[in-house]
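# Chain and residue survey
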Amino acid sequence: MTVARIMGFTGWSGAGKTTLITLLIPVLRARGLRVSTIKHAHHGFDLDKPGKDSWAHREAGAAEVLVASGKRWALMHELRDEAEPELRDLLTKLAPVDLVLVEGFKRTTPMKIEVHRPALGQTLIFPDDPAVAAVASDVPMALPATVCRLALGDVGAIADFVVSRAVPVALP
């Protein structure tokens, strides 16, 4: 059995979730951690380009297409009529690492940091989501004692929170 430690990031579009994650990864790596990410896309997306061989393989009906080079490899799995995979299933697809940062998967990530910018005019998510353990905001705000307040610009403090509070998830 493998154990992955995960921390989720939630927030409205434009709040800076992706920016925060891209700032956190090098800080966490500098601490000696191997980090992977899982990003949920709300709409269809494509890594392939029409006309490329791998695209043609997929369009012809291949269930999976693996593309490899001397620098990287990628596996594309077509769902066709299958249900969207759960976060737990996707975690089993990753190579073992110290930490997985998850963007999206609002309903199934066991612990999350909400990225919030009041200037966007959106409501806070944490009151309706008990899995939000912290709010990272660009302005100070009053929060209940059960929710940690993090300064969005203090990536070191956010990394400390992630390392100390990431949730272990047992995988088959």
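Residues numbered from 1 in each chain as written. Predicted model: local features only at pLDDT ≥ 70, side-chain atom pairs only at ≥ 80, totals over all residues. Heavy atoms only, no water.

### Let's talk about the overall build of the chain
Put simply, the rule reads: In this text, helices come from DSSP runs of H or I with a minimum length of four residues, and strands from runs of E with a minimum of two, each type numbered from the N-terminal end. Burial classes follow relative accessibility: with a 1.4 Å probe on protein chains only, a residue under 20% of its type's maximum area counts as buried, one over 50% as exposed, and anything between as partly exposed. Charge counting follows a simple rule: Lys and Arg are positive, Asp and Glu are negative, and His as well as the terminal groups are ignored. Charge coordinates come from a single atom per side chain, which is NZ of Lys, CZ of Arg, CG of Asp or CD of Glu.
Scanning the chain from N- to C-terminus turns up four helices and nine strands. Traced from its N-terminal end to its C-terminal end, the chain shows the element sequence β-α-β-α-β-β-α-β-β-β-β-α-β. By residue count, 37% of the 172 residues in the chain fall in the buried class. Side chains of the chain give 20 positive and 19 negative charges; the mean places of these two sets differ by 6 Å.

### Regarding the pattern of salt bridges
To keep it simple, the criterion reads: By definition here, a salt bridge exists when the distance from a side-chain nitrogen of Lys or Arg to a carboxyl oxygen of Asp or Glu is within 4 Å.
Enumeration according to the criterion identifies six salt bridges in this entry. Notably, a salt bridge pairs aspartate 160 with arginine 31, separated by 2.8 Å at the nearest N-O pair. Residue aspartate 160 is found in helix H4 (residues 155–165), and its partner arginine 31 is found in the loop between helix H1 (17–30) and strand S2 (35–39); the two are separated by 129 residues along the sequence. For aspartate 160, a relative accessible area of 42% gives the class partly exposed. For arginine 31, a relative accessible area of 39% translates into the label partly exposed. The closest approach of N and O atoms between arginine 117 and aspartate 138, which form a salt bridge, is 3.3 Å.

### Details of the packing of aromatic side chains
Rules: Centre distance within 6.5 Å is the pairing criterion for rings of Phe, Tyr and Trp, where only the six-membered ring of Trp is used; planes under 30 degrees apart are then read as stacked, over 60 as edge-to-face, and the remainder as tilted. In this scheme, Lys NZ or Arg CZ marks a charge over a ring once it lies within 6 Å of the ring centre and within 35 degrees of the ring normal.
Scanning the entire structure with this criterion turns up zero aromatic pairs. Above the ring of tryptophan 12, the side-chain terminus of lysine 106 is found at 5.5 Å from the ring centroid.

### Overview of H1
Here is the rule we go by: Take the residue count of a helix, subtract one, and multiply by 1.5 Å to get its expected span.
The terminal C-alpha atoms of H1, which comprises 14 residues, lie 20 Å apart, in line with the 20 Å expected from a rise of 1.5 Å per residue. Within H1, the full set of buried residues consists of Lys17, Leu20, Ile21, Leu24 and Leu28. Where H1 ends, the next residue or the one after it, glycine 32, has phi of about 90 degrees, a positive value.

### Focus: H4
Rules: This arc describes the spread of directions from the helix axis toward the C-beta atoms.
What H4 keeps buried is the set Val155, Ile158, Ala159, Phe161 and Val162. Along the axis of H4, the buried positions cluster into a sector of 160 degrees, meaning they face one direction only.

### Quick look at the environment of valine 67
In plain terms, the rule: Contacts are assigned to residue pairs with any non-hydrogen atoms lying within 4.5 Å of each other.
One can find valine 67 in strand S3 (residues 64–68). On the accessibility criterion, valine 67 (37% relative accessible area) is partly exposed. Along the backbone, valine 67 and serine 54 are 13 residues apart, and their C-alpha atoms lie at a distance of 7.1 Å. Leaving out residues up to four positions away in the same chain, valine 67 has contacts with Ser54, Arg72, Trp73, Ala74 and Met76.

### Quick notes on the side chain of aspartate 129
You can see aspartate 129 is positioned in the loop between strand S6 (112–116) and strand S7 (132–137). The buried category is assigned to aspartate 129, whose relative accessible area is 13%.

### Re the nonpolar core
As a rule of thumb, nonpolar side chains are buried together in soluble globular proteins. In plain terms, the rule: Definition used in this section: a nonpolar core is a set of buried Ala, Val, Leu, Ile, Met, Phe, Trp, Tyr and Cys residues joined via side-chain atoms within 4.5 Å.
Within the largest apolar cluster, 36 residues are counted, with the highest numbers of intra-cluster contacts made by Phe9, Leu24, Leu101, Ile113 and Val162. With five residues, H4 is the single largest residue contributor to this core. Excluding residues within four positions of it along the chain, leucine 24 makes contact with Phe9, Val155, Ile158, Ala159 and Val162. Within the second largest apolar cluster, six residues are counted, among which are Phe126, Val132, Leu143 and Val147.

### What to know about the packing of H1 against H4
Threshold: Here an angle of 0 to 180 degrees is reported between the N-to-C directions of two axes, which are lines fitted to C-alpha atoms, with helices fitted over the stretch in contact. Angular relationships are summarised with four words: roughly parallel below 35 degrees, roughly antiparallel beyond 145, roughly perpendicular across 65 to 115, and oblique for the angles in between. In this classification, the charged set is Asp, Glu, Lys and Arg, the nonpolar set is Ala, Val, Leu, Ile, Met, Phe, Trp, Tyr, Cys and Pro, and all remaining amino acids, among them Gly, are polar.
At a minimum axis distance of 10 Å, the contact between H1 and H4 shows a crossing angle of 75 degrees. One way to sum up the angle between H1 and H4 is to call them roughly perpendicular. Between H1, through Leu20, Leu23, Leu24, Val27 and Leu28, and H4, the contact on the second element is made entirely by Val155, Ile158, Ala159, Val162 and Val163. Here the contact of H1 with H4 is built from residues that sort into 10 nonpolar, no polar and no charged.

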